[in-house]
Each structure stands twice: as structure tokens, then as C-alpha cells.
Amino acid sequence: MTQKRRTFSAEFKKQVVALHAGGKSRVDIVREYDLTASALDRWIAQFNRTGSFEEKDNRSPLEAELLAYKKRNKQLEMEVDILKQAALIMGRK
């Protein structure tokens, strides 16, 4: 059976990161709150980098640029499709 993915509030993440910053060991935090070590490490890194746990706030400049290019490419593809449709319609007249 697969486990349901758990979600944690930003407030909970801040409290756990604060515990770690206050000197509590990773092992103790992971055991006490039934977390994965990788999740705790990611939260600590995100909070230290930007103070936010949102993925969009923690993207590298390269990732943000790539997403912008993908969005622009999708828009241009839609415009090309519209122009193709218009050309077909105009060609019939």
C-alpha cells in the first residue's frame, strides 16, 4: 500500500527549522516529528537561502529563465496554430 503524501504548513516548517537553529540535532527532529532527513535538509536550505518554503521563491535564476522560455514558446506555438487556421480559412475564400 502506498502512503498518502503529507503536507506541512509554512509555520510548522519554520518551527522545525528554528529548533534545528537552536541546537536540536537533525536526528532528534526527524524522529520526534516523523519526518524524512531529506525533507528537513531541504527546508533548512530553503529557509537559509530565501526565508521562504515556496518552490517559486527558491528557483535558481537558470530555472526561472527556463520556465519563462517554456511559457513564451507555448504562447508562440498557440499563435502559429491560430495563424495556420486563419490561412486555411482565407485560402478557401
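Cut-off values and rules
- Numbering of residues starts from 1 in every chain and runs along the sequence as written.
- Selection of residues for local features in this predicted model requires a pLDDT of at least 70, selection of side-chain atom pairs for listing and counting requires 80 or more, and totals for whole chains, interfaces and linings are taken over all residues.
- With hydrogens and water excluded, all non-hydrogen atoms of the structure serve as input to the side-chain values.
- Strands here mean DSSP runs of E at least two residues long; helices mean DSSP runs of H or I at least four residues long; both are numbered from the N terminus.
- To estimate the expected span of a helix, count its residues, drop one, and scale the result by 1.5 Å.
- Throughout, a residue-residue contact means that at least one pair of heavy atoms, one from each residue, lies within 4.5 Å.
- Within this scheme, the nonpolar core is defined by two criteria: the residues are buried Ala, Val, Leu, Ile, Met, Phe, Trp, Tyr or Cys, and they are joined through side-chain atoms within 4.5 Å.
- Categorising residues by exposure relies on relative accessible area from a 1.4 Å probe, with only protein chains included: less than 20% of the type maximum marks a residue as buried, more than 50% marks it as exposed, and the intermediate range marks it as partly exposed.
- We define a salt bridge as a contact between a side-chain nitrogen of Lys or Arg and a carboxyl oxygen of Asp or Glu at a distance within 4 Å.
- Each axis is a line fitted through C-alpha atoms, and for a helix only the stretch in contact is used; angles between axes span 0 to 180 degrees, taken between their N-to-C directions.
- Definitions for this section: a left-handed crossing has its near helix turned counterclockwise from the far helix by less than a right angle. A right-handed crossing has that turn clockwise.
- Put simply, Ala, Val, Leu, Ile, Met, Phe, Trp, Tyr, Cys and Pro go in the nonpolar bin, Asp, Glu, Lys and Arg in the charged bin, and everything else, Gly too, in the polar bin.

- Per an unreviewed UniProt entry, the protein chain goes by the name Transposase and belongs to Planococcus antarcticus DSM 14505.

**Let's talk about helix 3 (residues 37-49)**
And step 1. Here helix 3 is 13 residues long and its end C-alpha atoms lie 18 Å apart, about the 18 Å a rise of 1.5 Å per residue gives.
And step 2. The elements touched by buried residues of helix 3 are helix 1 (10-21) and helix 2 (26-33).
And step 3. Downstream of helix 3 by a residue or two, Gly51 has a phi angle that is positive, lying close to 80°.

**Digging into the nonpolar core**
And step 1. Counting residues in hydrophobic clusters, the biggest one holds eleven residues: Phe12, Val16, Val17, Ile29, Val30, Leu35, Ala39, Leu40, Trp43, Ile44 and Phe53.
And step 2. Residue assignment for this core shows that the elements contributing at least two residues are helix 1, helix 2 and helix 3.
And step 3. Among the elements that line this core, the one with the most residues is helix 3, at four residues.
And step 4. Leave out the neighbours within four places in its chain, and Leu35 touches Arg6, Phe8, Phe12, Val16, Ile29, Val30 and Trp43.

**Some details on the pattern of salt bridges**
And step 1. Evaluation of the coordinates by the stated rule reveals three salt bridges.
And step 2. Here Arg6 makes a salt bridge to Asp34, at a shortest N to O gap of 3.7 Å. Remark: Asp34 occurs in the loop between helix 2 and helix 3 and Arg6 occurs in the segment before helix 1; sequence separation between them is 28 residues.
And step 3. A residue is classified by how much of its surface remains accessible, and Arg6, at 43% relative accessible area, is partly exposed.
And step 4. Residue classification places Asp34 among the exposed positions, given a relative accessible area of 53%.
And step 5. A salt bridge links Lys24 to Glu32; the shortest N-O distance between them is 2.3 Å.
And step 6. Judged by its relative accessible area of 27%, Lys24 falls in the partly exposed class.
And step 7. When its relative accessible area of 48% is taken as the criterion, Glu32 is described as partly exposed.

**Observations regarding the packing of helix 2 against helix 3**
For any two helices packed against each other, one specifies the inter-axial angle together with the distance between the axes.
And step 1. Put simply, helix 2 and helix 3 touch, their axes get as near as 10 Å, and they point 115° apart. Crossing handedness for the pair helix 2 and helix 3: right-handed. Every residue of helix 3 that contacts helix 2 at Arg26, Ile29 and Val30 is listed here: Ala37, Leu40 and Asp41.
And step 2. When grouped by side-chain class, the residues that make up the contact of helix 2 with helix 3 number four nonpolar, no polar and two charged.

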